[in-house]
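Here's the letter readout for the chains.
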Amino acid sequence: MGERDGIPISINELNKLRQIADKARKNVIKMQFYDHSVHVGSSLSSIEILTTLVFRYIRDSSEKVNKDWLILSKGHAAPALYAVLAEKGLIKEDELWKIQSIEGLLQGHPEVFIPGVDMSTGSLGQGLSFGIGVATGIKMSGGNGRVFVIMGDGEQDEGEVWEAMTHAVARKLDNLIAFIEINGFQLDDSVSEVKPKDFLQDVWKAVGWRTFSCDGHDIKSIVDAIEEALKSKKPAVIFAKTVRGKGFPPIENSKRQRATPDVTRQYLVDS
Amino acid sequence: MLQGSISSIREAFGRTLVKIGEEDKDIIVITADVGDSTRGYYFKEKFPDRYFNVGISEQDMVNFAAGLSAVGKKPVAVDFAMFMMRAWEQIRNTIGRMNLNVKLAVTHSGYSDSGDGSSHQALEDISLMRTIPNMKVIVPADAADVERSLPVIINENGPIYYRMGRDYSPPITSSMNYKFEIGKAYVLKDGDDLAIMGAGVVLWDALKAADELEKMGISTAVINVPSIKPIDEATIEYYARKTGRIVTIEEHTIYGGVGSAIAEVVVNRYPVPMRFIGSVTYGRSARSERDLLDYYGFVPETVVKKALELIK
């Protein structure tokens, strides 16, 4: 158990986490000034989940089996992870503005040489299998580490997710918590247009996972879901309803990943 | 230590793996539902807590192994060569990119799954695996070579693709006594006029061809190159200089495989004429691997013919 597990979140902590998320959100939007190609929309949908995990739940340790692991399987949301890690002090804020530049530390998708990154990701569908390996290794070694994996709804198209979903149940992993962000969009179209996924939660449940839901932008809702998931004796998955581009009206709730520099500048000036 | 008491490559693999597992408790064997066929299952019989069948899901197997290695375990992912390729992108993007200590041990490579036909005959895997940064690629010549090399492979830190056939294992190295080292080639027979280089069970045909060539007065060296990556550049250059001509042989496509790897060294260090023996088509079903090798021309006569093209 983590030291915060089971402790109800106070108004003060809630406000603090909201402030951190707001700052990270603004920094992600700002990052596209420096590199227009970063995935802003997908990043903004992950901000509160990442903030909650990094600031309330993830425990660090020099021992690999006694630390918590954070796997951003939807690696294109890397700017959100970097922005939150910068708030945590693991990455210098100046590095954020050098994202994807040749002399910068921060890659377009997460790499393990970046502080706070536990798995190199970027190719969808791979994070959960890796998480199962880590969670299994932790249990075999008698460690107390937990594994948190964040996936997208479009990512659920990948066959490996099915392979891993059924595998985790076979391993009886109670130290594994997956998030599936339901922001409704993938690269080309809305998720419902490409492959409808209304059945998704039923499938995970039928396969043997404990399933939970939350509002992925409401930190209190996220905390409540995690607290319940942590009590599960089976692998737990949290379906988090999110909005792509959340908090950035020019692209909010659309498949667009970014706005023009002028529109972005105006937004930041106004906000 | 003389190897060679086992006559099947997969048997040698399964039994040797158990021996290694006795010494190192961090070794974990994982398979995608081919534990029995690969003989990885022997590990389960001895160490049931350190053996996982993830089901028919190769991509999951590879990243599961990656996760285990990330917390200090030493996973050995065991599969048919063909189906390990199904997870090439996972191997590249997770294991390769993170340089993880995962061993990919495959059986049924080349034509060795003779009966199942072309869908099960992996003739492209060496090419694919050697392109991955951080990945080492090793191809033992016979069952004795498996017994000799597997402990070294498992104890080496970092990702390794270890490629074996099924049962067919003519005596290539079983009468030899040497320590296996990654990155080293081994002289099976010395000679001055021509060098035959290659990997795997087809080296037996190379040795037979060398005997034929000797009868014609052509002094022929035969070099076992089990370490495709890293490759023994010094030995390859030495024999390029010494003999002036090289024939390569592999139970694999000629595009990007062992012959290509040797050619890259030769062109860089001492260019000499070369000929390549390998596959250029998909396979087909047959009752035995030997039937297929004969059918596709992996026979001493082909080696002699290619050699004479260089000698004339």
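Identification of chain B as 2-oxoacid oxidoreductase (ferredoxin) from Acidianus manzaensis is taken from an unreviewed UniProt entry. Its UniProt record, at the heading Cofactor (unreviewed entry), says of chain B: "thiamine diphosphate". Check the Sequence similarities (unreviewed entry) section of the UniProt entry for chain B; it says "Belongs to the transketolase family."

The name an unreviewed UniProt entry gives chain A is 2-oxoacid oxidoreductase (ferredoxin), with Acidianus manzaensis as the organism. For chain A, the Cofactor (unreviewed entry) comment in UniProt is given as "thiamine diphosphate". On record in UniProt, under Catalytic activity (unreviewed entry), the comment for chain A is "a 2-oxocarboxylate + 2 oxidized [2Fe-2S]-[ferredoxin] + CoA = an acyl-CoA + 2 reduced [2Fe-2S]-[ferredoxin] + CO2 + H(+)".

K.L.:
How should I be thinking about the domain arrangement of chain B in this particular structure?
P.N.:
It is common to report an interface's size as the accessible area lost on association of the parts. Residue and element names in this part refer to chain B. Annotation of chain B at the domain level lists domain 1 (9–163) and domain 2 (186–311). Each of domain 1 and domain 2 was reduced to a C-alpha centroid, and the two centroids are 26 Å apart. Of the residues lining the interface, 29 residues belong to domain 1; the matching set on domain 2 comes to 34 residues. Approximately 2,200 Å² of surface area, both sides summed, lies buried where domain 1 meets domain 2, with 54% of it carried by carbon and sulfur atoms. The tally of links between domain 1 and domain 2 comes to one salt bridge. Notably, a salt bridge pairs Arg130 with Glu264, separated by 2.7 Å at the nearest N-O pair. Scanning the region where domain 1 abuts domain 2 turns up 24 residue pairs in polar contact (both at pLDDT 80 or more). Elements that contribute at least two residues to the side of domain 1 that touches domain 2 include exactly helix H7 (125–130) and strand E5 (136–138).

K.L.:
Just to check I follow, could you spell out the pairing of strand E2 (residues 147–152) of chain A for this structure?
P.N.:
The side chains of a regular strand alternate between both faces of the sheet. Residue and element names in this part refer to chain A. Of all six residues in E2, six are buried, a share of seventy percent or more. Residues Val147, Val149 and Met151 point to one face of E2 and Phe148, Ile150 and Gly152 to the other, with burial holding for every one of them. Here strand E1 (residues 69–72) runs beside E2; their pairing, made up of four bridges, is parallel. Pairing of Ile71 across the sheet is with Val149, part of E2. Relative to strand E3 (residues 176–182), E2 is paired through six bridges, and the arrangement is parallel. Following the sheet pairing, Gly152 is matched in E3 by Glu181. With helix H7 (residues 159–171) bridging E2 and the parallel E3, this β-α-β connection has right-handed handedness.

How each quantity is defined
Residues numbered from 1 in each chain as written. Chains lettered and ligands numbered in written order. Predicted model: local features only at pLDDT ≥ 70, side-chain atom pairs only at ≥ 80, totals over all residues. Heavy atoms only, no water. UniProt positions renumbered as here; feature names shortened; annotations may be inferred. Domains from an automatic or database assignment. Contact = heavy atoms within 4.5 Å. Buried area = accessible area lost by both parts, 1.4 Å probe. Salt bridge = Lys/Arg side-chain N within 4 Å of Asp/Glu carboxyl O. Polar contact = N/O pair within 3.5 Å; in protein donor to acceptor, adjacent residues only side chain to side chain. Helix = DSSP H or I, 4+ residues; strand = E, 2+ residues; numbered from the N terminus. Buried < 20%, exposed > 50% of the residue type's maximum accessible area, 1.4 Å probe, protein only. Pairing = 2+ DSSP bridges. Right-handed = clockwise from strand over helix to strand, strands pointing away.

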